[in-house]
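Survey of secondary and tertiary structure
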Amino acid sequence: MMQKTFLPKIERLFFLIVFVSFFSVSCESEKQNVTSIPEGNRTKYNFNPEWKFIQENPENAQEVAFDDASWSTVSAPHTFNDVDTFDDLSIGGHKGEKNQWRGTVWYRKHFKLPIVDSGKKVYIEFESVRQIADVYVNGHFLGQNQTGFIPFGFDLTPYLKFGSEENIIAVKVNNDRNSDNFRDNDPLVWNHEHWHPTHGGIYRNVFLHTMDPVHITLPLYDNLKTVGMYVFAENISEKSADITITAEVQNENKTSKKITFEANIVDNDGVIVNTSKDVKILNAEEKFTFSTTAIVSNPNLWYTRHPYMYKVVSVLKEGSTVLDTYESPLGIRSFDFNKDTGFHNNGEHAKLHGWGQKPTNAWAGLGAALPDWLRDYTYMLMDEAGGNFIRWGHCAGSPAEIAMGDKYGFVTLMPGVSGESQDEGETWGIRMAAFRDMIVYYRNHPSIFIWEGGNWAETAEHYEEILDIIKTYDPNGKRLMGNRRSDTKTESEDYVTIEVGTEGWEREFPGLPIIESEYCRDEAPRRIWDTYSPDDNFYNNPNLYKNVYKYGSETFAVKQASHWWNKMGKKSFHSGGANWVFTDGTHGGRCPTEVTRASGEVDAVRLPKEAFYALKAMWRPEPQVHVVGHWNYAEGTKKDMYVISNCAAVKLYVNGELLGTDSTPDDGYVYKFSDIEWQAGDIKVEGYIDDKLCVSQTKSTVGEPVAIKLTSITGLEGWRADGSDVALVDVEVVDENGNRCPLDKGRVDFTFSGPGIWRGGYNSGKANSTNNLFLDTEVGINRVAVRSLLEAGTVTITASRDGLKSASIDITSLPININNGLTKELPQMYFEVPGEAEPLPAHIPEMPVYEAESQNKSKLFTKFSYTGDAKSMLRTTMDWGKKAYTDLDMNYTVIPNYLRGAEYIRTPDSDKGYWARDLLQFIAGVDMDIYVLHDDRVARPEFLVEDFKDTGDDLKIADVTMSIFKRTVKAGESIVMAGNSDGDIPKESRMYTVMGKIH
């Protein structure tokens, strides 16, 4: 249950604090403003604009004299896969979009550095490149990075020219992979569309840093072997917090320097609340780590519902001359993941709810190359829907997105890079180097609470290496470490400090807290309401039978509550979890009727589905109520109407007439009103708490389509002519009152003129719908994108359809100051406004007393977990007449004598078409024989062919003949079984079942 505690008010009380030690002094700053801190010699250039690009692999493209005049001009973030994604129907079988250009390309950037930067150190920082980047400057090879998701950098200083002389950075980029099989793609096992669409390129930001020879290093360990600053808070209370700042400082002069290190703690209003200092003589070419501690009195604590952010501005001085300044985020928070009571933030209980998200964040028409403000736009939607937790899937999120986690109050589960395997050799070496680099780069962000060691269980030796990296580079972060699917190895329990679950119905480690990493992996497109609404090539699609999921938007929305409440929400011990995923993408789809994996609460251009509003109605703390669907049905329609609400009771009205009151929701939040007859007019729902009306919603019958409406969306600083910024345009079909027509579907044609690149949008159920000057609306709306050029000006977009009033819109891109390839105008994000603290939840559904599921405990099947959509259970004493499935009244009849008395697993037949690599898993508690009963009308899955032998025996379940397969295993051996099939299955076929008997 929610436990209310006092959240301190923002106060401006300053005290003289003196902290004296041999090396450091802390002193009062007398309410100085951060603008009084001199900037020093450090400059951070935006290095994104004006790259030359070719989608070929010419020889000697790294050489200075190479002629790139015929190459195209692009700006980072850039991908060469923006034109070949979201354009093919999904293959199904969780394989992902394969038909994308892969190979080697080149980027070259010409730039000049001002004379003022001569004598400085110059570093380049890539926020990441996919997948393999070889970097050259002025013909000199600097090194390679092949992580695809972790920032890295190089020292350019020895090779640069200044003033009028030109420099050239060349980057060879390769996004290819070794194999179509995601399990056979060493060493970069995570570079596969099964996990992430293979969108290659310099798809995140690039920066150039110039700084004094005496400087605080960058947190870029790869190549540079530097760690930057490390900031952490201890002894945290409402009255005070001790803030320790360590800074790795390099003196690259040939002489010693007496350096004063000054760390200024700055609040969100820009006021310096305290300063700590240290003085040290740095020898020539010495690297030294300063460490100081300051006290913040009456700190504003970082809560998920009020993520107050400070920053630390560190200064290096020689005498009174400022040599260098460096800024780092600071959030002051304590936390506890408790195995019995869940998550607590500064002593306040908070249920964590949010999403897993792919770090590619692919967008239809744009691929993975997004300006930061569009990533922020996605975060704003997650925040609007009540999210406070994010798990980056398999690989690390971008620097901007981790900063957004700080800003929006999202507890973050952060991985390095991985696929879904226990790795060895070169793959493991790359993974651990990336894990180290990730921690060094991100360890100051308060939103990160858990380091994910990997996406599969590891050996004891590997776990020790993971923990050693955390101990070395984040010794004071107090963060937890967990591996998804750690329950596949017995030694995991000795090392992981939190269970990272996967669609689990039960915890596997009773002594550990638990957080869910991937739940509700179902799929449904945005364009389909329900079976009572006009179809848009879904229910009537001849390939629908191939879909793993056959859900419309209504069903998908209602299932959100079932999954959330039964797997996490109602369990008081459970910390919460990540819905998989927030945005539709081309990774691992299982429905061949779609061009995307439609698991998101928003689609691939971030238009919300009904599931978005369902989660918002459950997760926002303020009273919420949402009637699922529309109110434009055909005459005579009677249907069940669903309302999602975090209130204690809901009333439903049609045209002012009260048709029902429900105070006993299903799954905590679902209020069902049966057989509601549609009438033109209004449907209204009201939410009540303690018999008091708290919130209402009305949906009305919308008139016939009469016009098109266009609305533009840009970053807060406008649409910038930097060659990579994006402007969005919403295209709606509306009635005479300007209301969106919820059943509208039809082609809209566009004309486009002006300085920009038309990127278009997509239709979720159509191949080849991207990059066209036409697009269908889906349930009355769609969204298109335009990318800017380096030329500023106005683009004009006109949208038309026969029979509707057309619409036009002008969007003007704004010039940016680019000088010799450099600009100081950094990528834009939404402004950081902390605002008021969110309230505590207005109402929490009553949680039943939790009792562990005894039917899923066994001496043979230990650490048993089942990750399907429905529950399975363990049973004992196999014999004829025993029930075979959890959801069918089918019994075993005649069985072989060797199966009598066995323990057995009742699987749900409803999962016979569900596929996952990790569907059913356990550790053998004894030496045992495992039997799988398989319906051979279904192609035998890979695990069965490779790990089991056909006994030649059969048995019947009702009238279905099942082949019996056998495998003998030792005690402690891990067994993982995938889904029944990763392809088409006959409609009448059955799910496999499993038995075990002591060997």
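Residues numbered from 1 in each chain as written. Predicted model: local features only at pLDDT ≥ 70, side-chain atom pairs only at ≥ 80, totals over all residues. Heavy atoms only, no water.

1. Concerning the pattern of salt bridges
- Under the definition given, this model contains 69 salt bridges.
- Two residues, Lys-121 and Asp-155, come together in a salt bridge whose shortest N-O distance is 2.8 Å. Of this pair, Lys-121 sits in strand β7 (residues 121–126) while Asp-155 sits in strand β10 (residues 152–155), and the two are 34 residues apart along the sequence.
- Residue classification places Asp-155 among the partly exposed positions, given a relative accessible area of 23%. (Salt bridge = Lys/Arg side-chain N within 4 Å of Asp/Glu carboxyl O. Helix = DSSP H or I, 4+ residues; strand = E, 2+ residues; numbered from the N terminus. Buried < 20%, exposed > 50% of the residue type's maximum accessible area, 1.4 Å probe, protein only.)

2. Some words on the confidence of the model for the protein chain
- Per-residue pLDDT for the protein chain averages 92, and the proportion of residues at 70 or more is 95%.
- This stretch, residues 1–30, has a pLDDT under 50; its non-local contacts, to residues over four places away or in other chains, come to 76 contacts. (pLDDT = per-residue confidence, 0-100. Contact = heavy atoms within 4.5 Å.)

3. Let's talk about the environment of Arg-130
- By secondary structure assignment, the location of Arg-130 is in the loop between β7 and β8 (132–137).
- Its relative accessible area of 1% is what places Arg-130 among the buried residues.
- For the pair Arg-130 and Asn-175, spaced 45 residues apart in sequence, the C-alpha separation works out to 5.9 Å.
- Polar side-chain contacts of Arg-130 include one of 3.2 Å to the side chain of Gln-131. (Polar contact = N/O pair within 3.5 Å; in protein donor to acceptor, adjacent residues only side chain to side chain.)

4. Quick word on the sheet that holds strand β58 (residues 993–998)
- One open sheet holds the six strands; their spatial order is β51-β52-β58-β54-β56-β55, and the pairing between them is antiparallel. Of all the strands in the sheet, the pair left with one neighbour each is β51 (873–875) and β55 (949–957). If you compare each strand with its neighbour and ignore which way they point, the axes differ by 25° on average.
- Across seven bridges, the pairing between strand β54 (residues 928–934) and strand β56 (residues 960–969) is antiparallel. Residue pairing in the sheet places Ile-930 in a bridge with Arg-967 of β56. (Pairing = 2+ DSSP bridges. Axes fitted to C-alpha atoms, helices over the stretch in contact; angles between N-to-C directions.)

5. Concerning the sheet that holds strand β57 (residues 974–977)
- Pairing is antiparallel across the open sheet formed by three strands, whose spatial order is β50-β53-β57. Taken across any chain shown, the strands that pair with only one partner, and hence form the sheet edges, are β50 (861–866) and β57. Going from strand to strand, the sheet's axes swing by 10° on average, the running direction of each strand aside.
- Examined bridge by bridge, strand β53 (residues 920–924) and β57 share four bridges and lie antiparallel to one another. Residue Phe-922 lies in a different strand from β57, and its bridge partner there is Ile-975.

6. Comments concerning the side chain of Arg-485
- Of note, Arg-485 is situated in the loop between β30 (480–483) and β31 (499–501).
- Looking at Arg-485, its side chain comes within polar contact range of the main-chain oxygen of Asp-918, at 3.1 Å.
- Residue contacts for Arg-485: discarding those within four places in its chain leaves Asn-455, Trp-456, Ala-457, Val-500, Thr-502, Ser-865, Thr-867, Asp-918 and Gln-921.

7. Considering the side chain of Ser-486
- Among the structural elements, Ser-486 can be located in the loop between β30 and β31.
- Taking relative accessible area as the criterion, Ser-486 reaches 1% and is therefore assigned buried.
- In this structure, Ser-486 is in contact with Ala-457, Tyr-463, Ser-492, Val-496 and Phe-509, ignoring residues within four places of it in sequence.

8. Points about the environment of Ile-895
- For Ile-895, the position within the fold is in the loop between β51 and β52 (903–906).
- Accessibility expressed as a relative area gives 7% for Ile-895, which makes it buried.
- Contact partners of Ile-895, with chain neighbours within four places excluded, come to Met-878, Asp-879, Trp-880, Arg-900 and Leu-955.

9. Remarks on a negative patch on the surface
- Together, Glu-424, Glu-461, Glu-464, Glu-465 and Asp-468 make up a negatively charged patch on the protein surface.
- Examined against the element boundaries, Glu-465 turns out to sit in helix α4 (residues 460–473).
- Judged by relative accessible area, which is 33%, Glu-465 ranks as partly exposed. (Patch = residues over 30% accessible without salt bridge, like charges linked within 9 Å, V, L, I, M, F, W, Y side chains within 5 Å. Areas by Shrake-Rupley, 256 points an atom, 1.4 Å probe, with all protein chains shown as cover. Lys, Arg positive; Asp, Glu negative; His and termini not counted. Charge placed at Lys NZ, Arg CZ, Asp CG, Glu CD.)

10. Examining the pairing of strand β47 (residues 781–788)
- The element β47 is extensively covered by neighbouring structure, given that eight of its eight residues are classed as buried.
- Where burial is concerned, the two faces of β47 agree: the one with Ile-781, Arg-783, Ala-785 and Arg-787 and the one with Asn-782, Val-784, Val-786 and Ser-788 are both buried.
- When strand β43 (residues 726–734) meets β47, the two strands line up antiparallel, connected through seven bridges. Each residue of the ladder has a partner; that of Asp-730, found in β47, is Arg-783.
- Taken together, the four bridges between strand β45 (residues 756–760) and β47 define a ladder with antiparallel strand orientation. Residue pairing for β47: Ile-757 is matched across the bridge by Arg-787.

11. A closer look at the packing of aromatic side chains
- For the structure on display, the rule yields 48 aromatic pairs.
- On the numbers, 4.9 Å between centres and 45° between planes, the contact of Phe-53 with Tyr-107 is tilted. Note that Phe-53 is positioned in strand β4 (residues 51–54) and Tyr-107 in strand β6 (residues 104–111), a separation of 54 residues in sequence. Across this residue pair, the class does not change: Phe-53 and Tyr-107 are buried.
- Aromatic side chains Phe-337 and Phe-343 sit 4.7 Å apart centroid to centroid with 45° between the ring planes, which places their arrangement in the tilted category. Grouping residues by exposure puts Phe-337 and Phe-343 together as buried.
- Put simply, the rings of Phe-47, Trp-51, Phe-53, Phe-80, Trp-101, Tyr-107 and Phe-111 touch in pairs and so form one group of aromatic residues.
- Here the basic side chain of Arg-333 rests over the ring of Phe-449, its NZ or CZ set 4.5 Å away from the ring centre.
- In this structure, Arg-917 packs its charged tip against the face of Trp-456, placed 4.7 Å from the ring centre. (Phe/Tyr/Trp six-rings, centres within 6.5 Å; stacked < 30°, edge-to-face > 60°. Lys NZ or Arg CZ within 6 Å of the ring centre and 35° of its normal.)

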